[in-house]
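Read off the chains here:
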Amino acid sequence: MLKILLPTIMLVPTIWAVPAKYLWSTTLSYSLIISLISLTWLKSSAESGWSFLNPYMATDPLSTPLLALTCWLLPLMILASQNHTAPEPISRQRTYITLLTSLQIFLIMAFSATEVIMFYIMFEATLIPTLVIITRWGNQTERLNAGTYFLFYTLAGSLPLLVALLLLQNNTGTLSLLTLQYTPSMQLSSFADKLWWAGCLLAFLVKMPLYGAHLWLPKAHVEAPIAGSMVLAAVLLKLGGYGMMRMMIMLEPLTKELSYPFIIFALWGVIMTGSICLRQTDLKSLIAYSSVSHMGLVAAGILIQTSWGFTGALILMIAHGLTSSALFCLANTNYERTHSRTMILARGLQMVLPLMTAWWFIASLANLALPPLPNLMGELMIITSLFHWSWWTIALTGGGTLITAGYSLYMFLMTQRGPLPAHIISLDPTHSREHLLMALHLLPLILLISKPELIWGWTA
Amino acid sequence: MNPYILAILLFGLGLGTTITFASSHWLLAWMGLEMNTLAIIPLMAQHHHPRAVEATTKYFLTQAAAAATLLFASITNAWLTGQWEIQQITHPLPTTMITLALALKIGLAPLHAWLPEVLQGLDLTTGLILSTWQKLAPFALILQIQPSNSTTLIILGLASTLIGGWGGLNQTQLRKILAYSSIAHLGWMILVLQFSPSITLLTLLTYLIMTSSTFLVFKLNKSTNINTLATSWAKAPALTALTPLILLSLGGLPPLTGFMPKWLILQELTKQGLAPTATLAALSALLSLYFYLRLSYAMTLTISPNSLLGTAPWRLPSTQLTYPLATSTALTICLLPLTPAISALLTP
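Residues numbered from 1 in each chain as written. Chains lettered and ligands numbered in written order. Predicted model: local features only at pLDDT ≥ 70, side-chain atom pairs only at ≥ 80, totals over all residues. Heavy atoms only, no water.

On to the state of the cysteines, then. Two cysteines form a disulfide when their sulfur atoms are joined by a covalent bond. Residue and element names in this part refer to chain A. Per the counting criterion, the structure on display carries zero disulfides over all chains. Looking at Cys-71, it has no disulfide partner, and the nearest cysteine sulfur is the one in Cys-329, 17 Å off. Using a relative accessible area of 1% as the deciding quantity, one classes Cys-71 as buried. (Disulfide = S-S within 2.5 Å. Buried < 20%, exposed > 50% of the residue type's maximum accessible area, 1.4 Å probe, protein only.)

What follows is the structure, given as structure tokens:
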């Protein structure tokens with residue numbers, strides 16, 4: 001565990017010490033090496049489920065895919081940020097990469113925490129670098145509002161979580177995940193206990209986000225620079241899902257009744273945010289709402305507490321992380337050329353950038369959950385377990401799948417097909433850096449087709 | 001100011017607090033508090049500006065009233081129980097009067113109205129002394145009395161956190177913002193007083209460090225309102241990059257030091273069965289966080305030419321020692337991992 005954490009911490013002095021012309025190549029190769037070593041976590045060997053154990057951190061089949069995704073994402077973020085930060089002075093570029101790295105450190109500590117309060121502190125700690133990335137390096141004036149919404153929505157949910165965790169600690173004496181699954185289940189019946197249940201989950205539902213508490217997400221994703229959008233979509237939303245999966249163990253038996261409204265919100269959110277996507281003019285906003293839609297499915301899958309639900313949720317989280325991040329990178333390639341997120345401004349790009357169209361095609365197919373990609377595996381497992389829970393959900397989930405296919409196709413056709421507008425007179429050809437970025441996003445997704453056991457979680 | 005006079009006044013300040021710290025007799029404690037008040041009055045009025053004189057007058061009147069109430073309460077206690085020991089206050093009437101007198105001394109809601117106006121009239125150095133040193137002596141007394149009426153203290157605490165949060169939202173003057181932040185933090189300190197005085201002491205000490213950092217940052221930038229903060233990137237770029245962390249630490253965000261007192265207080269409150277109080281206090285901290293965030297936006301996260309809020313300032317060479325600022329900033333940002341050590345250190 002420290003083999004990954006300490007090198008990541010030492011990346012910070014490296015960033016400041018390396019000569020300016022080697023900054024980006026050094027940080028990229030350093031973080032790539034760290035991410036390749038992090039893949040060793042995927043082979044978990046212990047019988048008890050927890051591997052790579054030290055007193056404060058451990059990994060288990062639930063956290064390992066998310067950790068690998070987090071570590072994989074740092075080189076991708078560095079790759080994506082190289083162009084738009086190029087005009088800035090070198091110390092600002094170093095500060096930017098330091099922010100990305102500190103975010104990485106907090107995320108690694110969050111996903112590998114064994115004590116729930118440590119998870120909480122790291123969960124909150126990720127807010128500060130993300131806030132600075134969004135509000136300092138975003139491009140439009142709305143970024144201040146986006147940062148405020150992001151910070152306050154998340155904190156309003158997570159402060160009750162802190163009180164709920166402290167109450168749990170009083171009750172059970174410990175908050176170590178290693179032993180919490182073995183404590184006898186509590187007698188939870190009073191109204192105060194129901195408030196406690198809500199307090200435990202609210203923070204993660206806001207983070208995921210649940211439809212209804214999702215208003216921060218379109219703002220934050222749209223206003224963030226590319227690295228901010230990538231890390232938000234790929235990892236920070238999954239913190240919510242991961243937290244929910246960890247907390248569910250202790251929330252029995254209240255969840256059977258209390259989760260109804262949240263499952264309904266989640267499923268209705270799939271339909272609603274999918275429909276909004278069909279009417280979007282802003283490309284990043286479309287991808288952001290599509291994230292809400294996918295995470296609604298994840299939330300529903302977790303809340304019904306079946307093994308297929310959990311597995312599907314985890315697979316969908318990983319697959320969506322890679323897909324959504326890829327789509328944001330594609331949107332960024334448009335933005336860097338036209339400095340606009342409006343879709344109709346840069347249409348028919350297949351004529352001009354045909355190789356990029358190939359990446360758009362694969363990413364859109366992944367978004368609409370084409371077999372045999374893991375996106376489909378996750379969605380199908382969640383839809384099946386929801387169907388088993390209640391036949392009526394098939395109306396919502398099936399409709400949601402249809403709408404997802406609709407807007408993914410819409411996004412592809414809008415940006416790539418059709419006539420090239422007359423005002424597009426000079427666009428940079430695609431950089432090799434951008435091709436590499438897209439390949440590094442989509443190749444893991446395609447490779448996961450052949451060994452999905454890696455991201456199955458506990459049922460492996 | 002004449003250096004000899006300044007030396008005498010600072011000596012008086014130090015002596016007053018020391019006398020209060022060392023006393024076990026109420027009269028001696030009262031004397032120390034009065035010495036503090038009298039010593040700081042010339043410091044506050046040294047610039048002879050009408051606004052400063054107004055602030056001094058308001059400060060004198062409120063502190064004198066509080067000290068008189070304190071004297072009256074201790075005499076009442078002597079009459080009722082026959083002794084003058086500070087730690088032996090048991091009768092509820094003197095206890096309540098002393099609690100309210102000390103609340104007026106430090107600026108707890110609902111006795112807080114003087115603090116923003118007084119702080120606004122002072123220059124940043126005197127304001128720093130008022131916010132930090134002048135809180136020590138009353139807290140020495142607060143920590144020693146064993147208050148038994150739980151509801152009063154919880155109401156004082158919650159009212160302070162809410163008023164401190166809401167009051168600061170409409171301010172553009174930095175000293176008033178820091179005054180409301182002071183009120184809010186004092187509220188947190190009082191909330192946990194009856195359950196664990198050592199956590200109150202920890203909160204006080206971390207607050208002193210954080211607020212010293214903030215005052216010293218503003219002093220270095222010679223800025224007194226949000227508009228002039230916007231040009232601080234030109235005066236001290238590295239400090240401008242660090243100041244959001246100081247402000248967010250004041251706001252109580254993990255993993256910065258400011259989270260430590262909030263965490264320990266919420267833990268103690270939940271242990272005592274006051275979970276709704278804990279939740280309300282935690283959510284009221286979000287109000288204060290809003291104006292700290294606004295300060296960070298104005299100072300660091302937006303940059304010229306995006307914000308032409310402040311006119312081009314004179315950048316004269318600064319004679320300020322940077323060592324105190326450096327130390328307090330380091331402590332403000334990095335002290336959270338030492339939480340167990342610090343709370344063990346402060347538990348008797």
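The next point concerns the packing of helix 4 (residues 92-106) of chain B against helix 6 (residues 124-144) of chain B. Residues and elements named next belong to chain B. Where helix 4 contacts helix 6, the axes come no closer than 9 Å and their chain directions differ by 160°. One finds that helix 4 runs roughly antiparallel with respect to helix 6. For the element pair helix 4 and helix 6, the recorded crossing hand is left-handed. In this structure, helix 4 contributes Leu-102, Lys-105 and Ile-106 to the contact, and helix 6 contributes Lys-135, Pro-138, Phe-139, Leu-141 and Ile-142. (Axes fitted to C-alpha atoms, helices over the stretch in contact; angles between N-to-C directions. Helix = DSSP H or I, 4+ residues; strand = E, 2+ residues; numbered from the N terminus. Parallel < 35°, antiparallel > 145°, perpendicular 65-115°, else oblique. Left-handed = near helix turned anticlockwise from the far one by under 90°. Contact = heavy atoms within 4.5 Å.)

Right, let's get into the UniProt feature "transmembrane region" (unreviewed entry) in chain B. Residues and elements named next belong to chain B. Following the UniProt record, one finds the feature "transmembrane region" (unreviewed entry) at residues 60-80, 92-115, 151-170, 177-195, 201-221, 233-253 and 273-293. From the first C-alpha to the last, residues 60-80 spans 30 Å; its make-up is 100% helix and 0% strand. Across residues 151-170, the secondary structure splits into 90% helix and 0% strand, with the terminal C-alpha atoms separated by 30 Å. (UniProt positions renumbered as here; feature names shortened; annotations may be inferred.)

Moving on, we come to the confidence of the model for chain B. With 97% of its residues at a pLDDT of 70 or more, chain B shows a mean pLDDT of 92. Scoring the predicted complex yields pTM 0.94 and, for the interface, ipTM 0.93. (pLDDT = per-residue confidence, 0-100.)

Residue and element names in this part refer to chain A. For the structure on display, the rule yields nine salt bridges over all chains. Across the pair Glu-336 and Arg-433 runs a salt bridge, and its minimum N-O distance is 3.8 Å. Of this pair, Glu-336 sits in helix 15 (residues 307-338) while Arg-433 sits in helix 19 (residues 432-447), and the two are 97 residues apart along the sequence. The burial state of Glu-336 is the same as that of Arg-433; both residues are buried. Salt bridges sharing common partners tie together Glu-336, Arg-337, Arg-433 and Glu-434. (Salt bridge = Lys/Arg side-chain N within 4 Å of Asp/Glu carboxyl O.)

The next subject is the interface of chain A and chain B. Listed as interface residues are 27 residues of chain A and, on the opposing side, 28 residues of chain B. The interface formed by chain A and chain B contains zero salt bridges. Between chain A and chain B we count five residue pairs in polar contact (both at pLDDT 80 or more) in total. Per-element tally for the side of chain A that touches chain B: the top contributor is helix 7 (residues 143-172) of chain A, with 16 residues. Considering only residue class, the side of chain A that touches chain B consists of 19 nonpolar, five polar and three charged. (Polar contact = N/O pair within 3.5 Å; in protein donor to acceptor, adjacent residues only side chain to side chain. Nonpolar A, V, L, I, M, F, W, Y, C, P; charged D, E, K, R; others polar.)

Turning next to the environment of B:Phe195. Residues and elements named next belong to chain B. By the secondary structure assignment, Phe-195 is in the loop between helix 8 (174-191) and helix 9 (197-221). What makes Phe-195 partly exposed here is its relative accessible area of 23%. Placed 92 residues apart in sequence, Phe-195 and Leu-287 show a C-alpha to C-alpha distance of 25 Å. Setting aside residues up to four positions removed in sequence, Phe-195 forms contacts with Glu-268, Leu-269, Gln-272 and Leu-274.

We now examine helix 13 (residues 260-278) of chain A. Residues and elements named next belong to chain A. Compared with an ideal rise of 1.5 Å per residue, which puts 19 residues at 27 Å, helix 13 spans 28 Å between its outermost C-alpha atoms and is within 8% of the ideal. Within helix 13 the residues assigned to the buried category are Ile-263, Ala-266, Leu-267, Gly-269, Val-270, Ile-271, Thr-273, Gly-274 and Cys-277. On the buried face of helix 13, the contacting elements are helix 14 (283-303), helix 17 (374-389) and helix 18 (393-416). (Expected span 1.5 Å × (residues − 1).)

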